[in-house]
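# Structural overview
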Amino acid sequence: MDVDGAVVLVTGASSGIGAATARAASLAGARVVLLARREERIRRLAGELGEAVALAVPCDVTDRAQVEAAVRAAVEKFGRIDVLVNNAGQGLQATVDAIDPDDFRALLELNLLAPLVVMQAVLPAMREQGSGAVVNVSSGITWSTLPGSGAYAASKAALQKLSAIARAELADSGITVSLMFPSITETEFVGTVRGSVEDARRMEASSGLRPQSPEGVAEAILALIGSGAEQADLVPAEYGGTFKG
């Protein structure tokens with residue numbers, strides 16, 4: 001799908017990959033819908049992009065009623081939704097014997113159930129149009145077995161399987177579902193993890209990987225929307241990915 005002229009809804013749009021994706025989509029000619037809990041940030045971004053082509057909707061994507069209201073607001077303003085980028089997410093750093101079950105439940109709500117709820121909310125509009133594209137943002141960490149990452153990696157691995165099955169189910173509707181695997185990215189992410197932020201920072205620092213820019217991830221997401229491929233990754237080739245930059 002060509003994003004030029006399309007309506008692109010991005011979750012987690014207040015910073016990092018989400019904000020970069022919204023900017024890149026807008027620069028490519030898209031109208032963008034910005035969903036996040038941090039209202040001031042997304043309203044500022046909408047003002048930067050231009051309120052005629054950007055809509056900021058404060059939204060907790062773990063709340064179905066808020067998600068459905070946000071999608072209604074998007075359709076009321078722009079008349080359609082062509083692309084969904086399910087980017088909102090959080091990490092959890094703890095060994096298996098130290099994972100707090102409440103933290104794990106909250107993680108699954110945000111990283112797995114919320115993408116499902118947002119997909120369900122946009123699918124009626126996409127089916128009516130006979131076309132649409134969904135990109136669910138996973139993580140390159142699912143390709144590794146790093147101690148302390150079990151809960152987070154499990155949530156993203158589950159999203160991978162959900163996305164693959166959704167892709168198969170929706171193929172005849174003209175709707176593509178794709179998965180993006182970023183590697184370590186220069187965002188606020190590691191400082192917001194549940195569990196031990198210190199251990200998360202230590203693991204990232206010891207990985208030997210050079211953090212990539214959110215703008216680079218955004219460009220890869222737009223390319224994935226354009227190709228409609230099943231997945232794309234920014235995981236370095238020496239770790240099993242395809243990235244050679």
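Everything below is about the structure printed above this text.
Here we summarise the structure given alongside this text. Quick caveat, the model's predicted, so the values are computed rather than measured. Every residue gets a number counted from 1 within its own chain, in the order that chain's sequence is written. Under the rules for a predicted model, residues below a pLDDT of 70 receive no local features and side-chain atom pairs below 80 are neither given nor counted, while totals for whole chains, interfaces and linings still include all residues. Hydrogens and water molecules were not included; the side-chain quantities draw on all heavy atoms of the structure.

### Quick word on the layout of surface pockets
- In the cavity and pocket records, a cavity denotes points on a 1 Å grid over the protein atoms alone where a 1.4 Å probe fits but cannot get out, a pocket denotes an open set with protein on both sides within 12 Å along at least 5 of 7 lines, and lining residues are residues with an atom within 4 Å of a point. Grid points are joined across faces, edges and corners, and a volume is the space filled by probe spheres set on the points. The computed volume of the second largest pocket comes to approximately 160 Å³.
- S183, G208, L209, R210, P211, Q212, P236, E238, F243 and G245 together form the lining of the second largest pocket.
- The classification used treats Ala, Val, Leu, Ile, Met, Phe, Trp, Tyr, Cys and Pro as nonpolar, Asp, Glu, Lys and Arg as charged, and all other residues, Gly among them, as polar. Considering only residue class, the lining of the second largest pocket consists of four nonpolar, four polar and two charged.

### Considering the packing of aromatic side chains
- Pairs were defined over the aromatic rings of Phe, Tyr and Trp, the Trp ring being its six-membered one, requiring ring centres within 6.5 Å. Orientation was assigned from the angle between planes: stacked under 30 degrees, edge-to-face over 60, tilted for the rest. All told, the structure shown has two aromatic pairs when counted by the stated rule.
- Note on Y152 and F189: the rings are 5.5 Å apart at their centroids and 50 degrees apart in plane angle, and the pair reads as tilted. Of the two residues, Y152 sits in helix α5 (residues 150-170) while F189 sits in the loop between β7 (175-181) and β8 (194-195), which places them 37 residues apart along the sequence. Put simply, DSSP H or I for four residues or longer makes a helix, DSSP E for two residues or longer makes a strand, and each gets a number counted from the N terminus.

### A look at the nonpolar core
- Nonpolar cores were defined as sets of buried Ala, Val, Leu, Ile, Met, Phe, Trp, Tyr and Cys residues, with membership established by side-chain atoms within 4.5 Å. Here the term buried applies to any residue with accessible area under 20% of the maximum for its type, exposed to any over 50%, and partly exposed to those in between, with areas from a 1.4 Å probe on protein chains only. V8, V32, L34, V85, M180, I221 and I225 are the most contacted members of the largest nonpolar core, which has 34 residues in total.
- Put simply, the parts of the chain that give this core at least two residues each are β1 (7-11), α1 (16-27), β2 (31-36), α2 (39-49), β3 (54-58), β4 (83-86), β6 (132-137) and α7 (214-227).
- For this core, the element with the most residues is α7, which contributes seven residues.
- Only heavy atoms matter for contacts: two residues are in contact if any of them lie within 4.5 Å across the pair. Setting aside residues up to four positions removed in sequence, L34 forms contacts with V10, A13, A22, I42, L45, A46, L55, A56 and V57.
- Core analysis: the second largest hydrophobic core is formed by 30 residues, V33, V61, M119 and A166 among them.

### Looking at the pattern of salt bridges
- Salt bridges, as used here, are contacts in which a Lys or Arg side-chain nitrogen is within 4 Å of a carboxyl oxygen on Asp or Glu. Under the defined criterion, the tally for this structure stands at nine salt bridges.
- For D82, the salt bridge identified is with R80, shortest N-O distance 2.8 Å.
- What makes R80 partly exposed here is its relative accessible area of 30%.
- Of the charged contacts, one joins D199 and R202 as a salt bridge, the two residues approaching to 2.3 Å between their closest N and O atoms. Of the two residues, D199 and R202 both sit in helix α6 (residues 197-205), three residues apart, roughly one turn of that helix.
- By relative accessible area, D199 is classed as partly exposed at 33%.

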